[in-house]
Amino acid sequence: MTRFSHFQNIVAGVAIAMVGLSVCVISFVQEPAEAYLFPRLISVVFAALSVWTAAKAFSGHSNSSNGLSEKELANIAPGLVAALIYIFLAAETLGFYTASTIAFFAVYSIYDTASHRELRSWGKRIVLTALFIAVMYGLFAKVLTVFTPREFFQ
Amino acid sequence: MEFIGYLGDVFTPFNFGLLMIGTFGGLILGATPGLSPTMTVALLIPFTFRLEATEGLILLGAAYTSTVAGGAVSAILLNIPGAPANIATTLDGYKMAKNGHGARALQLSFLSSAAGGVFGVLLLIFLTPILARWALAFGPSHIFWLAILGITVIGTLEAGSVVKGLLSGCIGLWLSTIGFDDIMGEQRFIFHSSLSGGINVIPALIGLFAIPQVISIFAKGRADSGTEILSVERHPISEAVREVARRYRALSLGAVVGSIVGLIPGIGGQIAGIVAYDQSKKISREKEKYGTGHSEGLIAAESANNAMVGPSLVPLLTLSIPGSPTAAVLLGGLLIHGIFPGSDLFENHPAVAWTFINSMLVGQILMCIFGLYIAALAARVVLAPPSFMAAAVLGLAVFGSYSVYNSMDDVYVMLMLGTAMYFLEKFGFSAAPLVLGLILGPIAEANFIQGSLIANATSSVVEYFLTGALNLCLISMVAVSLLYSVWSEIANGRNPVASGNGRARP
Amino acid sequence: MKKLLAAAAIALTSLAGAAVADGHENYPERPILLMISYGAGGATDFQARIVTMTAGNEDALGMPIAIINKPGAGGRKGWNWFATEADNDGYTLGAYNIPHFIAQSIEGGVDYSADSFEPIANWGADPAVFVVAADSAFNSMNDVIAYATENPGKLTFSGAGLFVGHHIAALQLENAAGVKLAYIPSNKGGAAAMKSVIAGEVLGGVNNLSDAYRAREAGNVKILGVFDNERNDFLPDVPTMKEQGYDIDNSSVNFRGVMVPKGTPQPIIDKLAEIVPAMFENKRVLGKMNAGGSPMHIMTRDEVLEMWKAREATLEKLLAGL
């Protein structure tokens with residue numbers, strides 16, 4: 001176990017313990033008691049288990065995980081940012097299908113192992129994106145008549 | 001044997017056509033993340049307005065049957081359970097597909113679904129009056145203990161540590177209390193306005209399973225990791241049949257457990273698969289293989305969740321009480337034609353009742369045939385480049401979680417839960433127990449409160465929850481399950497090889 | 001009645017003529033949503049699907065109505081969404097359940113009140129009834145109340161939840177009979193409450209007339225009384241509470257209808273208020289509703305506005321004691 005992963009295990013353990021303890025405190029502080037009876041019961045178990053896990057992480061006995069490497073974190077960043085922008089921003093401002101098209105194309109292109117310089121692989125990506133969105137549109141808009149946020153050009 | 005007399009009605013050209021459409025459409029919709037059996041059946045109700053009562057019910061019966069089985073397709077190929085019933089299917093099914101055995105996994109899943117499904121429908125045909133009494137035997141205290149039993153199963157569900165399994169379950173239980181509490185109507189734990197509606201199970205299910213997978217593809221970056229599968233093994237159907245026959249223990253256990261649990265109103269359908277998976281793991285001689293792509297687990301889970309289809313309709317057909325959301329929608333389909341289900345349904349409308357049941361029986365077989373046909377083709381999904389899969393799974397997750405209640409809040413919750421789950425998985429937590437906690441939390445809470453209200457009015461809480469044969473039986477099962485978890489944690493500690501590395505994603 | 005409606009329709013048509021001038025003449029131009037704050041398969045959902053099935057006809061709206069479900073917390077989730085997030089352009093309708101949403105807004109903790117919505121028309125009225133299992137020793141409300149008087153607080157009876165019609169009926173019964181009862185709310189709606197009566201988990205229950213009627217047809221329950229001003233056509237043999245000596249009016253009757261969010265353009269409200277009640281009168285709709293055992297009760301916008309006001313007043317009084 002590297003030092004970086006030991007550090008990560010501690011961070012994760014402490015984070016979980018914080019969540020567990022705060023849930024426990026909130027449940028006991030909030031009223032009315034009847035509505036918080038069940039949260040109180042589970043939060044005690046939650047807090048106890050999370051503290052136990054954190055303690056194990058400190059002692060280095062956490063046998064289960066290696067965490068993430070710096071490289072993996074760097075790899076995740078662009079895709080995750082694209083997904084966040086897609087869902088929290090673009091879907092409702094640009095419209096559901098427009099945003100999905102752009103997000104699909106972006107994610108596909110960022111992580112595609114095929115060349116970013118060749119015109120042919122860009123063409124393939126465009127075609128596959130169009131195909132995917134067409135299938136989604138057919139299934140959700142036409143067959144299931146799901147009402148999605150309207151497109152910006154509508 | 002009365003049902004045989006009406007079997008012919010299913011095979012008239014028009015009815016059989018409807019059956020085919022219902023089955024095939026159901027498979028496809030069931031395989032789409034977010035479209036649970038309940039939603040699919042609800043979507044079909046308007047079509048049945050224009051049909052005769054029997055025709056409409058053939059369509060609904062076939063669709064119900066095949067959406068349950070269709071959920072296994074996305075569970076196996078994409079690791080996204082189509083509905084809560086398919087959670088257990090992902091545990092081994094997805095690993096099999098990842099190892100290049102996608103075609104085999106799908107074939108096994110359809111064969112065991114059909115076997116379990118036929119068993120369940122036969123129970124419905126022959127034992128309805130007895131089953132009806134069983135379904136009524138479960139009051140609030142029993143359902144509470146059943147939910148607790150489900151929660152204790154969580155700890156041993158996956159290969160990782162029992163403590164982290166239970167902790168994952170606790171996180172799920174806590175998440176289930178966010179939003180309005182169902183009985184008092186108080187708002188709890190609302191940190192952000194998109195949580196005011198609470199966390200809905202289907203969007204959460206999609207996020208927790210789909211998003212970690214998308215991010216793990218991200219994590220590999222553009223570099224070709226070299227672990228890709230280059231071909232999907234062709235798998236002869238005859239061999240799949242032989243394998244299912246060889247695993248008859250898992251198959252029959254799944255069918256029996258699925259039918260018994262599926263009967264219980266309000267809880268059964270969602271946990272049938274997971275309970276069967278857990279039981280078959282506990283009695284198996286090859287415990288350590290579970291969770292690595294072992295066919296026994298898949299067979300038990302799938303035979304259980306289709307076996308539940310028939311029995312889950314018993315309370316509806318005999319007592320006019322829908323025991324599950326899907327049954328409630330089917331009740332609408334019956335009422336629209338002026339048919340009131342109840343103990344005299346089979347005397348007053350024998351043609352309708354028996355044709356409906358027959359359509360589920362024939363539907364199971366038809367579903368299996370369709371499924372086997374598409375298995376080889378569908379399994380090629382794993383050959384798609386990872387970057388394409390990441391984009392497609394993300395898109396499907398967004399569309400699927402939005403369409404459940406037409407709500408962007410659900411999509412936000414889906415993404416945030418999924419992202420958090422990715423990091424949690426890196427530290428040995430897993431999605432299946434978390435989702436189970438999310439599903440069982442409200443059931444346990446509501447039944448606990450109802451039980452205590454009844455108990456306070458009549459006797460004492462202790463007496464209500466801790467006495468009676470059924471309560472004691474369930475409590476002892478909980479105790480056994482807990483002891484088993486503790487014992488296996490100790491055994492794990494002694495044998496570090498078996499404890500594994502959490503949930504390693506390839 | 002028919003003549004009256006025809007006259008009303010003519011009057012409203014001339015009113016709608018006024019709408020042409022201000023840009024809404026082509027409404028509706030695309031399909032319309034109808035939000036149901038209960039799950040698929042529930043009574044409200046089931047009835048909404050039937051009464052809106054003819055919306056696409058040329059003589060109705062000419063555009064289909066699609067149902068979306070936003071269930072949870074006794075309807076609070078859906079109505080919160082409808083009051084705060086739904087578009088008020090006439091393309092998002094909502095179904096209301098009276099007395100549920102008014103009672104919840106009086107209780108507090110929600111983002112809506114009767115003033116957040118504009119009613120369009122009412123399609124159904126489902127009174128609450130008191131049911132006991134078929135093998136119960138109780139044969140009339142007097143038996144029930146006699147038991148409750150002897151065993152105060154021990155008569156357990158189920159209902160669909162807190163601050164819904166069934167709960168209101170339960171409170172009225174307690175007040176009228178002057179006894180303490182043990183109301184057990186269910187979290188899964190009327191069906192689960194009915195199951196607990198049939199299974200004998202509770203001694204009795206308040207439930208929807210339509211569901212109780214079906215359960216009685218199936219031989220599972222006895223219906224002892226109706227919480228309404230007069231007997232119901234589906235159950236002519238069941239006496240009202242008043243007939244049995246309990247002073248209970250129709251405050252708990254579950255009225256179901258269609259509404260839009262506040263701020264929807266008046267011409268659109270007028271147009272909907274004219275077309276929608278007529279749409280409910282469709283013969284096929286009436287036939288299907290009757291077949292399903294769902295009592296229809298069509299009311300126009302003005303009648304509904306009046307009914308909402310009256311309910312608000314009675315509920316405020318009833319819930320003040322809690």
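The residue count restarts for each chain, going from 1 along the sequence in the order it is written. Chain labels run from A onward and ligand labels from 1 onward, assigned in the order the entries are written. With the structure being a predicted model, the display of local features is reserved for residues of pLDDT at least 70 and the display and counting of side-chain atom pairs for 80 or more, all residues being used for whole-chain, interface and lining totals.

Quick notes on the pairing of strand β3 (residues 92–98) of chain C
Residues and elements named next belong to chain C. We count it as follows: Residues with at least 20 other C-beta atoms within 10 Å of their own are called buried, those with 12 or fewer are called exposed, and the rest are partly exposed. The C-beta atoms themselves are positioned from the backbone. Here a strand is any run of E in DSSP of at least two residues, a helix any run of H or I of at least four, and the numbering for each starts at the N terminus. Two strands are counted as paired when DSSP detects at least two bridges linking them.
With respect to burial, β3 is a largely interior element, seven of its seven residues being buried. In β3, alternate side chains face the same way, and those of Thr 92, Gly 94, Tyr 96 and Ile 98 on one face and Leu 93, Ala 95 and Asn 97 on the other are all buried. When strand β1 (residues 32–36) meets β3, the two strands line up parallel, connected through three bridges. Opposite Leu 34, over in β3, you have Leu 93 as the bridge partner. Strand direction decides the pairing type here: β3 and strand β10 (residues 254–261), joined by five bridges, are antiparallel.

A word on the interface of chain B and chain C
To be explicit about the condition: Here, residue contact means that the backbone-derived C-beta atoms of the two residues sit within 7 Å. Residues are grouped as follows: Ala, Val, Leu, Ile, Met, Phe, Trp, Tyr, Cys and Pro are nonpolar; Asp, Glu, Lys and Arg are charged; all remaining types, including Gly, are polar.
The partner chain C presents 50 residues to the 45 residues of chain B that form the contact. Looking at the side of chain B that touches chain C, the elements that each hand over two or more residues are α4 (37–48), α15 (325–335) and α20 (431–458) of chain B. For the side of chain B that touches chain C, a count of residues per class yields 25 nonpolar, 17 polar and three charged.

Here we look at the interface of chain B and chain A
Between chain B and chain A, the residue contacts involve 53 residues of the former and 49 residues of the latter. Among the elements of the structure, α8 (162–176), α9 (201–220), α18 (386–405), α19 (408–426), α20 and α23 (496–499) of chain B are those that each provide at least two residues to the side of chain B that touches chain A. Ranked by residues supplied to the side of chain B that touches chain A, first place goes to α18(B) with twelve residues. Split into classes, the residues belonging to the side of chain B that touches chain A amount to 30 nonpolar, 14 polar and nine charged.

Points about the environment of C:Thr240
Residue and element names in this part refer to chain C. You can see Thr 240 is positioned in the loop between β9 (221–226) and β10. In this structure, the C-alpha to C-alpha distance between Thr 240 and Val 226, residues 14 residues apart in sequence, is 4.5 Å. Residues in contact with Thr 240, not counting those within four places in the same chain, are Gly 225, Val 226, Asp 228, Asn 229, Glu 230 and Arg 231.

Describing the confidence of the model for chain B
Residue and element names in this part refer to chain B. Selection rule: Each residue gets a pLDDT score, which is the predictor's confidence in that residue and runs from 0 to 100.
Per-residue confidence for chain B gives a mean pLDDT of 84, with 93% of residues at or over 70. The least confident element of chain B, judged by mean pLDDT, is α23 at 41; the most confident is α19 at 93. Every residue in residues 496–506 is under pLDDT 50, and counting partners more than four places away or in other chains gives 22 contacts.

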